[in-house]
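Report on the structure
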Amino acid sequence: MRTDTADIERPASAPAFQHLGLGRRIKNHTATVLFGLAFVVAVIPLLWVLFTLVRRGLAPMLSTEWWTHSFYGLLPNDPGGGIYHALVGTLEQTLVCAVIAVPLGVTVGIFLIEYGRNSKLARTTTFMVDILSGLPSIVAGLFIYALWITTFGFDRSGFAVSLSLVLLMLPVVVRVTETMLTIVPDELREASYALGVPKWKTILKVVLPTSLSGIITGIILGLARIMGETAPLLILVGYSRAINFNLFDGPMASLPLTVYTARKTSTEAGEYRMWGAALTLVLLIMLINLLATLLSKLFSVKTR
Amino acid sequence: MAKRLDIKDLNLYYNKFHAVRDVTLQVHARSVTAFIGPSGCGKSTVLRALNRMHEVVPGSRVEGSVLLDGENVYAPGVDPVQVRRTIGMVFQRANPFPTMSIRDNVVAGLKLAGVKDKKRLEEVTERSLRGANLWEEVKDRLNKPGGGLSGGQQQRLCIARAIAVQPDVLLMDEPCSALDPISTLAIEDLIAELKKDYTIVIVTHNMQQAARVSDQTAFFNLPAVGEPGQLVEIGETGKIFSNPSQKATEDYISGRFG
Ligand SMILES: Nc1ncnc2c1ncn2[C@@H]1O[C@H](COP(=O)(O)OP(=O)(O)O)[C@@H](O)[C@H]1O
Ligand SMILES: [Mg+2]
């Protein structure tokens, strides 16, 4: 005969569920208020920035001239003009940076994960990439200035900017590739080997497609990030109010450089150009982030 | 097609760790050989050494020889890629290629080897899926991703993928351990059919399964913790289960072990 089971059958001497005590309720409310406040404090500046940007920069967005013309021939007080020249500059510089940095970075990432795992060379490379990823953009600019312009004797140009952006972009691409390849389970590689597929083909046809979505997204987000880099621009290229398609010759505008330059013109037209260029840059980056989401969906691994 | 395997004095290492010692055994053509034994005794390691998958692990090392109808797969100059094309493998966890459709999964081995002939790929897809008893279930959704199938279907897809390249030997590492009893039976039936054309080696934790599907059984054991695993005995399945010659085998089979 057991007696300890009777506990459960004995009628309860007090209700099992009690009302929330005052202390608990006060704590609960305090916590709710604190978290709410933190949220507001974090979000207000963001909304504020966006609001200011749109309020000041909306007017240019709405004119066709803004998207089709440059500031060529405009005096500091002349209204109107367009951002086309800077858009061309930013897109060209970023594109050329991507063309150099993406294949290079993806290859390095593949080497590090698929071939060099734990080798000395791989560890050294990873270390260098880590250092490079902390490189301040102004230093990247200085380095390219010293190398490309002082040592090799080339002129300041849009291409010099692309080169400095490569320095900033490369570690991003390597890191993203590394991370995404690490996620691919070894079982998939082994499944492929077990079919008699050579390693390089396994990487190309099994591993990369599996991680493609993540790699592409990471790269595009990285590109969106470096699009706004300003420091190297200040050192490596002159500003031009005219349209210049040539990365290798002459001054070339870009969106950040336009914001910076227009700020020095303290006229109403200057304000118009500055905020217009700033909002254009933000819109462009948003557009690219959107593109990243779309591509990520497009290339993601599907199960149905 | 199906070929015999002669394993001689096989010693397997992970870096300095001696995982398996002195395994010598024969695997007969067109039969099923089961590897049984406690976890960690090196069944998977031996199995993976048979098609040179062992060396995919960094720091791993192999001594001894594995003869496929008399040809040493470890002879100098032999390309491991070719060995794996001849000795296929099915893994413990179903691992269809997530980016490929069911059809592309089945013919992945051929496609990646450069076969482009649509008609041939079509034929191989159907033949392999029929061979893996999966055709009826998936014939209407060959273009859907392989990852959308159930666990048991995925494992049969992996078997279809493995037999699509028409290997001489099929290695299976606990192919049913992640499956429900019905899928397990489906795969056991499949193994019974496949052995008409293939030489099969299967690792299993399930003693009844070994008894049901295999013609001969090899019992591996760990003599002591930290020591390399060993082959205790190998023999006709009926004999191993009814009248083993080693005490350790009897203990393991009757459940008096670990
Ligand atoms: N990749 C590996 N690296 C190092 N040791 C391993 C590796 N795989 C297995 N081992 C070791 O080798 C021994 C045999 O393992 P395994 O062949 O997986 O045994 P089983 O398949 O019989 O359970 C175990 O001691 C295990 O820890
Ligand atoms: Mg195992």
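Residues numbered from 1 in each chain as written. Chains lettered and ligands numbered in written order. Predicted model: local features only at pLDDT ≥ 70, side-chain atom pairs only at ≥ 80, totals over all residues. Heavy atoms only, no water.

Observations regarding the nonpolar core
Within the largest apolar cluster, 81 residues are counted, with the highest numbers of intra-cluster contacts made by Val 23, Leu 25, Phe 35 and Phe 220 of chain B. Residue contributions to this core peak at 13 residues, all from helix H7 (residues 158-183) of chain A. Excluding anything up to four places from it in sequence, Val 23 of chain B contacts Ile 7, Lys 8, Asp 9, Leu 10, Val 46, Phe 220 and Leu 231 of chain B. Counting residues in each nonpolar core, the second largest holds 40 residues, with Val 106, Val 138, Leu 170 and Ile 202 of chain B among its members. (Core = buried A, V, L, I, M, F, W, Y, C linked by side-chain atoms within 4.5 Å. Buried < 20%, exposed > 50% of the residue type's maximum accessible area, 1.4 Å probe, protein only. Helix = DSSP H or I, 4+ residues; strand = E, 2+ residues; numbered from the N terminus. Contact = heavy atoms within 4.5 Å.)

Thoughts on the site of ligand 1
Residue and element names in this part refer to chain B. As a structural note, the neighbourhood of ligand 1 is formed by Tyr 14, Phe 17, Ala 19, Pro 38, Ser 39, Gly 40, Cys 41, Gly 42, Lys 43, Ser 44, Thr 45 and Val 57. Counting residues per element, the ones that place at least two in the shell around ligand 1 are strand S2 (17-27) and helix H1 (43-50). Considering each element in turn, the shell around ligand 1 owes the most residues, 3 residues, to H1. A breakdown of the residues in the shell around ligand 1 according to their chemical character gives 6 nonpolar, 5 polar and 1 charged. (Near = heavy atom within 4 Å. Nonpolar A, V, L, I, M, F, W, Y, C, P; charged D, E, K, R; others polar.)

Section: the UniProt feature "domain: ABC transporter" (unreviewed entry) in chain B
The UniProt feature table records "domain: ABC transporter" (unreviewed entry) at residues 5-247 of chain B. Taken end to end, residues 5-247 of chain B comprises 35% helix and 27% strand; its first and last C-alpha atoms sit 27 Å apart. (UniProt positions renumbered as here; feature names shortened; annotations may be inferred.)

Considerations on the packing of aromatic side chains
As enumerated under the stated definition, the model contains 9 aromatic pairs over all chains in all. Plain terms: the ring middles of Trp 66 of chain A and Tyr 272 of chain A are 5.8 Å apart, the flat faces sit at 90 degrees to each other, and that makes the pair edge-to-face. Of this pair, Trp 66 of chain A sits in helix H3 (residues 64-68) while Tyr 272 of chain A sits in helix H12 (residues 268-299); the two residues are 206 residues apart in sequence, bridging distant segments of the chain. Among the residues examined, Trp 66 of chain A registers a relative accessible area of 0% and is labelled buried. Residue classification places Tyr 272 of chain A among the partly exposed positions, given a relative accessible area of 21%. For the ring pair Trp 148 of chain A and Phe 152 of chain A, a centre distance of 6.2 Å and an interplane angle of 65 degrees mean the geometry is edge-to-face. Relative accessible area serves as the criterion here: at 15%, Trp 148 of chain A is assigned to the buried category. Through a chain of ring-to-ring contacts, the aromatic side chains of Trp 148, Phe 152, Phe 154, Phe 159 and Phe 248 of chain A assemble into a single cluster. Its end group placed over the ring of Tyr 13 of chain B, Arg 61 of chain B keeps NZ or CZ at 4.2 Å from the ring centre. (Phe/Tyr/Trp six-rings, centres within 6.5 Å; stacked < 30°, edge-to-face > 60°. Lys NZ or Arg CZ within 6 Å of the ring centre and 35° of its normal.)

Brief notes about the UniProt feature "transmembrane region" (unreviewed entry) in chain A
All names here are of chain A. Per the UniProt record, "transmembrane region" (unreviewed entry) is annotated on residues 33-54, 93-115, 127-148, 160-185, 206-227 and 274-295. Taken as a whole, residues 160-185 contains 92% helix and 0% strand, while its terminal C-alpha atoms sit 40 Å from one another. Between the C-alpha atoms that bound residues 206-227 there is a distance of 32 Å. The span itself is 100% helix and 0% strand.

Quick word on the packing of helix H8 (residues 186-194) of chain A against helix H9 (residues 199-227) of chain A
Residues and elements named next belong to chain A. Axis separation between H8 and H9 bottoms out at 10 Å; the angle between their running directions is 140 degrees. Between H8 and H9, the angle falls in the class oblique. In terms of crossing hand, the pair formed by H8 and H9 is right-handed. Across the interface between the two elements, Leu 188, Arg 189, Ser 192 and Tyr 193 of H8 pack against Lys 199, Thr 202, Val 206, Val 207 and Thr 210 of H9. Considered class by class, the residues forming the contact of H8 with H9 number 4 nonpolar, 3 polar and 2 charged. (Axes fitted to C-alpha atoms, helices over the stretch in contact; angles between N-to-C directions. Parallel < 35°, antiparallel > 145°, perpendicular 65-115°, else oblique. Left-handed = near helix turned anticlockwise from the far one by under 90°.)

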